[in-house]
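# Architecture and fold: a report
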Amino acid sequence: MRTTIIQVSAVLAAILSLAGSSAQAQSANITATATVYQAMTVTGARTLDFGNVFPGVAKSIGVAAATSGRFDLTGQNSANVNLTFTLPTDLVNTAPTADLMPIGSWTGCRNATNTTAGCTSFTPSGSATASAFSGAGALFVFVGGTVTPAANQAAGTYNGTVTLTAAYF
Amino acid sequence: MRRCVLLLAFALTTATQPLLGQVQVIGIRDLAFGAVIRGVQTSVSPSDPLRSGQFYINYTVGGRVRLRFTLPNALARVGGGATMPITFRNGDAILQGTAPGSPASSLNPGAVSNEFLLLPNPDANVWIGGRVSPTATQASGSYVGTIVLSVTVF
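So, here is what we can say about the structure in this document. (Residues numbered from 1 in each chain as written. Chains lettered and ligands numbered in written order. Predicted model: local features only at pLDDT ≥ 70, side-chain atom pairs only at ≥ 80, totals over all residues.)

### Quick notes on the pairing of strand E6 (residues 90-93) of chain A
Residues and elements named next belong to chain A. To be explicit about the condition: For two strands to pair, DSSP has to find at least two bridges joining them. Working definition: helices are DSSP H or I runs of at least four residues, strands are E runs of at least two. Numbering for both runs from the N terminus.
As defined by bridge partners, E6 adjoins strand E7 (residues 100-111) across three bridges and the pair is classed as antiparallel. Bridge assignment links Val92 to a residue of E7, and that residue is Leu100. Between the antiparallel neighbours E6 and E7 lie six residues, among them Ala98 with a positive phi of about 55°. Judged from the two bridges that link them, E6 and strand E11 (residues 158-159) form a sheet pairing that is antiparallel. Each bridged residue has a counterpart across the sheet, and for Val92 the counterpart in E11 is Asn159.

### Focus on the sheet that holds strand E8 (residues 93-97) of chain B
Residue and element names in this part refer to chain B. Convention followed: Every angle, taken between N-to-C directions, lies between 0 and 180 degrees, and every axis is a line fitted to C-alpha atoms, over only the stretch in contact when it is a helix.
Reading across from one edge, E1-E4-E11-E8-E9 is the order of the five strands in this open sheet, with antiparallel pairing throughout. The open sheet has two free edges, formed respectively by strand E1 (23-29) and strand E9 (104-107), since each of these has just one partner strand. Each neighbouring strand pair of the sheet contributes to a mean axis angle of 20°, computed without reference to strand direction. Taken together, the six bridges between strand E4 (residues 53-59) and strand E11 (residues 123-128) define a ladder with antiparallel strand orientation. Of the residues in E11, the one forming a bridge with Tyr56 is Asn125.

### Some thoughts on the nonpolar core
Here is the rule: Here, a nonpolar core means buried Ala, Val, Leu, Ile, Met, Phe, Trp, Tyr and Cys residues linked by C-beta atoms lying within 7 Å of one another. Partly exposed residues are those whose C-beta has more than 12 but fewer than 20 other C-beta atoms within 10 Å; 20 or more makes a residue buried and 12 or fewer makes it exposed, with C-beta atoms placed from the backbone. What counts as a contact is two residues whose backbone-derived C-beta atoms lie within 7 Å of each other.
If you look at the biggest cluster of nonpolar residues, it comprises 34 residues, and the most contacted ones within it are Ala34 of chain A together with Ile57, Val126 and Val151 of chain B. With residues up to four places along the chain from it excluded, the contact list for Ala34 of chain A reads Phe33, Val36, Leu75, Met84, Val132 and Tyr143 of chain B. The next biggest cluster of nonpolar side chains, apart from the first, holds 20 residues, and it includes Leu83, Met101, Cys109 and Ala166 of chain A.

### Let's talk about the sheet that holds strand E9 (residues 129-132) of chain A
All names here are of chain A. One open sheet holds the three strands; their spatial order is E9-E5-E12, and the pairing between them is antiparallel. Each edge of the sheet is formed by a strand with only one pairing partner; in this case those strands are E9 and strand E12 (163-168). Going across the sheet, the axis of each strand differs from the next one's by a mean of 35°, ignoring polarity.

### Brief notes about the environment of Val141 of chain A
Residues and elements named next belong to chain A. Note on placement: Val141 falls in strand E10 (residues 138-147). Classification of Val141 as buried rests on a count of 25 C-beta atoms within 10 Å. Once residues within four sequence positions are removed from consideration, Val141 is found in contact with Arg70, Phe71, Leu73, Leu83, Gly108, Arg110 and Leu164.

### Side note on unusual backbone geometry
Residue and element names in this part refer to chain A. Its identity is not glycine, yet Ala98 carries a phi of approximately 55°, on the positive side. Take Ala98: it is sitting in the loop between E6 and E7. On the basis of neighbour count, Ala98 is assigned to the exposed category, with 11 C-beta atoms found within 10 Å. The backbone of Ser105 sits at a positive phi, close to 50°, despite the residue not being glycine. With respect to the helices and strands, the residue Ser105 is situated in strand E7. The exposure class assigned to Ser105 is partly exposed, which follows from the 13 C-beta atoms found within 10 Å.

### With respect to the environment of Gly56 of chain A
Residue and element names in this part refer to chain A. Looking at where Gly56 falls in the secondary structure, it is placed in the loop between strand E2 (41-46) and strand E3 (59-61). Judged by local crowding, Gly56 falls into the exposed class, with 11 C-beta atoms found within 10 Å. Sequence separation of Gly56 and Gln153 is 97 residues, and the distance between their C-alpha atoms is 7.5 Å. Ignoring sequence-local partners within four residues, the contact set of Gly56 consists of Pro149, Ala150 and Ala151.

Right under this line is the structure:
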């Protein structure tokens, strides 16, 4: 009788140890990626200058004009970059009266070199315009527009600010 | 008596052996930091819909799920010559069942193990973010590293 009891206990112990092994494991991989770029610079290189304007006479400056606005950018060679503008709706008289003169009909052109010959036209706006740096890490952006002085526009010097924001993508 | 012992062992085996917890893990999306600038730390949140890394896990039977990440501490430049530190913090991972309205659980991917009761539905997604810290003189180029998720159901 004693021998039989020991044999049963051994079998039970073996069964219980096997019943505890119910875990299953699996693994999978993903990759973490990053691309290091050099820091970007954006420089306001030239003022958009309408010169003398006359009451009631709209005046436009095109991107190819000698007084068009220009931004010079440097960044990672051949990297993609989004261009976004903050544009005024009026120029403001620097005189104490702070008269307003509407400005709009913006035009833009971008190029890998500092010339408008062969440049790519676009419309500056708050929406991103996709562009790219040249193989040498350069990008030039030219800006034009139209001012519309009123018939009774006050004399004076009118100013406004055009802001270009560039971001890699 | 011997025959009785053998019959008893067989009965206990079939009655007490639980169904095995079956589990499947799939890598869905890479953790993509994109363009990073020298000297500027860049982070990706686990809730970023485009850039966070993503795993899908599917399990059929079991009481608990254990998640364990194997994380790099640096990304290696493709082509060699440089490494870039990468770090992970508490809250840089999220576990959420696929059923609508499933609650999201925040995880510490660096923990030795994250253990949960299984969700009512048999599958879930795990998202992971992190941060890279390029030096001011970090070499330009692409950097990569491997993130491993191990899942145990028991």
